[in-house]
Amino acid sequence: MKITNIYAVGRNYAAHAQEMGNKVLKEPIFFQKSSASLSDDSVITLPRGREIHHELEIVTSIGKGGNNIQVDDAWTHVDGLCLGLDLTDRPLQHKFKEGRLPWFLAKSFPGSAVITQFDPLDLNVWSRDFWLTINDMEVQRGNMDQMVFDIPALIAYLSARLPLTAGDLIYTGTPSGVGPLESGDEMILGLGEEIKGKFRVKSADK
Ligand code: ZN
């Protein structure tokens, strides 16, 4: 399916909001990543001279679009889930935040929206912990049930304000443990016992 819009959610895990010094809000905060930033390549290339942080997230693929999708009906609009990385230029994002400016370019650069292969929806499988190791050290671990706003709530909220289209992706927020990537890092993304993706980080400087 052709991917159209890439939406993402901020502060959707309380422990991550806390580590960033943010409050958990009463309504979800959405932002967008450019579809030009999408990548399923096993090599992550860091843009020259920038500090890029990993955010491990469950990514929802919308299979059937709609307006005003109800919470009870929301899963029928999802055709798959995968693990992804919402790569972020953190210093640039802080600079934009300080200036009260949109942080779009801190979230959208070539390869910043990393996806792995989408699985058909199976909530028994996806109720397992998902995790990220860097150089064999676990840095992030989360579980769908820790989301402040679960996936049906996100779909209902967004589709009440904007039509969702088949092919849209929603990055559903990151658990705590975000941090910078270095050239040479080896990343493994997993769900339960299963490895969902492996990535090697290299710098565009070399
Ligand atoms: Zn994120």
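Residues numbered from 1 in each chain as written. Predicted model: local features only at pLDDT ≥ 70, side-chain atom pairs only at ≥ 80, totals over all residues. Heavy atoms only, no water.

### Considering the coordination of the zinc ion
No. 1: The coordination sphere of the zinc ion, as far as protein atoms go, consists of E55 (OE), E57 (OE) and D86 (OD), spread over 1.9 to 2.1 Å.
No. 2: Spacing between the donor residues of the zinc ion along their common chain follows E-x1-E-x28-D. With E55 in the loop between β5 (52–54) and β6 (56–62) and D86 in strand β7 (residues 78–86), this pair connects stretches of sequence that are 31 residues apart. In terms of burial, E55 and D86 fall into one category: buried. (Donors = N, O, S within 2.8 Å, 3.2 Å for Na, K, Ca; no water. Helix = DSSP H or I, 4+ residues; strand = E, 2+ residues; numbered from the N terminus. Buried < 20%, exposed > 50% of the residue type's maximum accessible area, 1.4 Å probe, protein only.)

### Observations regarding the sheet that holds strand β14 (residues 186–191)
No. 1: Spatial ordering of the open sheet is given by β4-β15-β14-β10-β11, a layout of five strands whose pairing is mixed. At either margin of the open sheet sits one strand with a lone partner, and together these are β4 (43–46) and β11 (137–142). Averaged over all pairs of adjacent strands, the angle between strand axes in this sheet comes to 25°, irrespective of strand direction.
No. 2: Pairing between strand β10 (residues 130–134) and β11: five bridges, direction antiparallel. When the sheet's bridge partners are listed, L132 is paired in β11 with Q140. (Pairing = 2+ DSSP bridges. Axes fitted to C-alpha atoms, helices over the stretch in contact; angles between N-to-C directions.)

### Observations concerning the packing of aromatic side chains
No. 1: All chains considered together, the criterion is met by three aromatic pairs.
No. 2: Considering the side-chain rings of F30 and Y157, the 6.1 Å spacing of their centres and the 15° angle between planes classify their relative orientation as stacked. Of this pair, F30 sits in strand β2 (residues 29–33) while Y157 sits in helix α5 (residues 151–159), placing them 127 residues apart in sequence.
No. 3: Summarising the aromatic geometry, the rings of F31 and W103 are spaced 5.4 Å apart at their centres and angled 80° between planes, so their arrangement reads as edge-to-face. Of this pair, F31 sits in strand β2 while W103 sits in the loop between α2 (90–98) and α3 (104–107), and the two are 72 residues apart along the sequence. (Phe/Tyr/Trp six-rings, centres within 6.5 Å; stacked < 30°, edge-to-face > 60°.)

### Thoughts on the sheet that holds strand β12 (residues 169–171)
No. 1: The sheet built from seven strands is open, its strands ordered β2-β1-β12-β6-β7-β9-β3 with mixed pairing. Looking along the sheet, the strands with just one partner apiece sit at the ends: β2 and β3 (38–39).
No. 2: Here β3 pairs with strand β9 (residues 113–115) via two bridges, running parallel. From the neighbouring strand, S39 faces β9, where its bridge partner is V114.

### Quick notes on the environment of D72
No. 1: Considering the arrangement of structural elements, one finds D72 in the loop between β6 and β7.
No. 2: Residues D72 and M1, spaced 71 residues apart in sequence, show a C-alpha to C-alpha distance of 25 Å.

The quantities given are spatial measurements derived from coordinates; they are silent on function.
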